[in-house]
Amino acid sequence: MSGVVTRSASRLAGAVMGLMLLACGGSRDDFIGPRVLDVCKASWPVCSEYAGCILGPESYSEGRFPGRGQVLVRVPEASTIKVSFYLEEVTAAGEETAITVHEEGCRARQRKASTGRAALDQMEKFGVFTQQADVTGVGDHLVEFDSDMQARYVVKVEVTPLRIQ
């Protein structure tokens with residue numbers, strides 16, 4: 001009888017743990033939501049460079065670190081640009097992950113860097129690695145990111161006007 005109780009308790013504990021993991025969210029699908037994949041193989045001119053794609057509320061992209069990427073973000077008014085990464089298959093934290101957000105016309109830039117360990121700690125705690133920067137210019141903004149981490153990533157961008165924050 002105790003074997004039956006032990007197996008039942010074990011199954012119940014496993015089911016509860018599974019439900020807890022589902023309830024926490026943090027899955028790739030939750031991160032992406034209704035967005036569609038942009039493979040970022042285009043050439044959008046911005047700041048005397050070329051971004052592979054335009055990321056906004058309806059799109060996301062994916063790739064591998066180590067490496068770098070450049071995307072264009074369109075901003076209709078002074079806003080916060082939030083760049084978020086969902087990391088998968090991480091095999092090494094690396095030394096640094098950096099995101100650089102340029103004002104329109106590249107008249108100024110903000111570089112946000114984190115150690116590899118800090119980026120992974122944020123991912124483990126919140127399910128996502130995020131950096132953000134406020135921009136005042138209206139128009140096209142170049143956003144660059146680079147990391148020596150070894151991982152696959154999904155990246156998305158959110159733009160929130162400063163007037164509603």
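In case you missed it, the structure is sitting above this.
Residues numbered from 1 in each chain as written. Predicted model: local features only at pLDDT ≥ 70, side-chain atom pairs only at ≥ 80, totals over all residues. Heavy atoms only, no water.

Caption draft 1: A look at the nonpolar core. Ranked by size, the top nonpolar core spans 33 residues in total, and within it Ile81 and Phe85 carry the most contacts. Mapped by element, the contributors of at least two residues to this core are helix H2 (28-32), strand E4 (59-75), strand E5 (79-92), strand E6 (96-102), helix H3 (116-126), strand E8 (129-135) and strand E9 (139-161). Broken down by element, the residue count for this core peaks at eight residues, all from E9. Once residues within four sequence positions are removed from consideration, Phe85 is found in contact with Phe31, Phe65, Ile99, Met123, Val128, Phe129, Phe145, Tyr153, Val154 and Val155. If you look at the next biggest cluster of nonpolar residues, it comprises five residues, including Val46, Ala51, Leu72 and Leu142. (Core = buried A, V, L, I, M, F, W, Y, C linked by side-chain atoms within 4.5 Å. Buried < 20%, exposed > 50% of the residue type's maximum accessible area, 1.4 Å probe, protein only. Helix = DSSP H or I, 4+ residues; strand = E, 2+ residues; numbered from the N terminus. Contact = heavy atoms within 4.5 Å.)

Caption draft 2: Summary view of the pairing of E4. Direction of pairing for strand E1 (residues 36-37) relative to E4: parallel, over a ladder of two bridges. Each residue of the ladder has a partner; that of Leu37, found in E4, is Tyr60. (Pairing = 2+ DSSP bridges.)

Caption draft 3: The arrangement of the packing of aromatic side chains in detail. Enumeration over the complete set of coordinates arrives at eight aromatic pairs. Taken together, a centroid distance of 5.7 Å and an interplanar angle of 50° make the contact between Phe65 and Phe85 tilted. With Phe65 in strand E4 and Phe85 in strand E5, this residue pair connects regions lying 20 residues apart in the sequence. Per residue, the accessibility class of Phe65 equals that of Phe85, and both read buried. For the pair Phe145 and Tyr153, a centre-to-centre distance of 5.6 Å together with 85° between the ring planes defines the contact as edge-to-face. Comparing Phe145 with Tyr153 shows no difference in burial state: the two are buried. Taken together, the ring pairs connect Phe65, Phe85, Phe129, Phe145 and Tyr153 into an aromatic cluster. (Phe/Tyr/Trp six-rings, centres within 6.5 Å; stacked < 30°, edge-to-face > 60°.)

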